[in-house]
Amino acid sequence: MNKAQTLSTRYDPRELSDEELVARAHTELFHVTRAYEELMRRYQRTLFNVCSRYLGNDRDADDVCQEVMLKVLYGLKNFEGKSKFKTWLYSITYNECITQYRKERRKRRLMDALSLDPLEEASEEKAPAPEEKGGLDRWLVHVNPIDREILVLRFVAELEFQEIADIMHMGLSATKMRYKRALDKLREKFADSTET
């Protein structure tokens, strides 16, 4: 490495914006991973929380996070910046969660079909009841997977509605409508549970 290359790699990644880190990663990867590592550090906790809330358990969430981080590592050089890095990252996360969710659902159906006591087998595979976790997790089980993802991306990832719509390949008005309906359903469910 010559002196000019050495100087260009000296920087504090914590001081750079996501866009600047993406630009650095375009030129550095795969020899230097500093910019990539900083991007992952910034989003690691939220990424895990999104996966955990969507999938319902930490083990699957951890697996999906690892897969997402690898996809980002290998895809970063081709990221064109047409959307924010954060939107691109959660788009990958959303797709990986959907894949994992379908895989687990198929596996559970197969285990139930092969088991002599399907209820017992299914209960062993299930994550802890959401009521044990409390907070948002407790209520997410009451909405369908698409609405759950919209709520998670809005509350956990703190994305704008347009970013959520882009990630989920939905129209902006459809995204807002589903969000509102999901919240209405949760409010209704919450009102019912406090009355009993």
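Above: the structure in question.
Owing to the predicted nature of the structure, the values given are computational and were not obtained by experimental measurement.

Rules of the game
Along each chain, numbering runs from 1 in the same order as the chain's sequence is written. Residue-level local features of this predicted model are given only where pLDDT is at least 70; pairs of side-chain atoms are given and counted only at 80 or more, and the full residue set underlies all totals for whole chains, interfaces and linings. The side-chain numbers reported here are obtained from all heavy atoms of the structure, hydrogens and water having been left aside. Helix and strand labels come from DSSP, where a helix needs a run of H or I of at least four residues and a strand needs a run of E of at least two; each type is numbered from the N terminus. The buried label applies to any residue whose accessible area, calculated with a 1.4 Å probe on protein chains only, is under 20% of its type's maximum; exposed applies above 50%, and partly exposed to all values in between. Any carboxyl oxygen of Asp or Glu within 4 Å of a side-chain nitrogen of Lys or Arg constitutes a salt bridge here.

Colleague: How should unusual backbone geometry be read in this particular structure?
Modeller: What is expected of a backbone is that most residues other than glycine have negative phi and most peptide bonds are trans. Of the consecutive residues L29 and F30, the connecting peptide bond is found in the cis state with omega at 10 degrees. Position of F30 among the secondary structure elements: in the loop between α2 (18-28) and α3 (34-55). Phi is positive for E158, which is not a glycine, with a value near 55 degrees. Along the chain, E158 falls in the loop between α9 (145-155) and α10 (161-168). In this structure E158 comes out as exposed when scored by relative accessible area, which is 59%. Not every positive phi belongs to a glycine, and H169 is a case in point at roughly 55 degrees. Relative to the assigned elements, H169 resides in the loop between α10 and α11 (172-195).

Colleague: Would you explain the pattern of salt bridges in this entry?
Modeller: Oppositely charged side chains are able to pair whenever their charged atoms sit close together. For the structure shown, the criterion picks out 11 salt bridges. Among the salt bridges present, the one from K71 reaches E96, with a minimum N-O distance of 2.8 Å. You can see K71 sitting in helix α4 (residues 58-75) and its partner E96 sitting in helix α5 (residues 85-114), a full 25 residues away along the chain. According to the relative accessible area criterion, K71 is partly exposed, its value standing at 39%. D184 is paired through a salt bridge with K180; the nearest N and O atoms lie 2.9 Å apart. Within this pair, D184 and its partner K180 are both found in helix α11, separated by four residues, close to a single helical turn. The network of salt bridges with shared partners includes D18, E38, R41 and R42.

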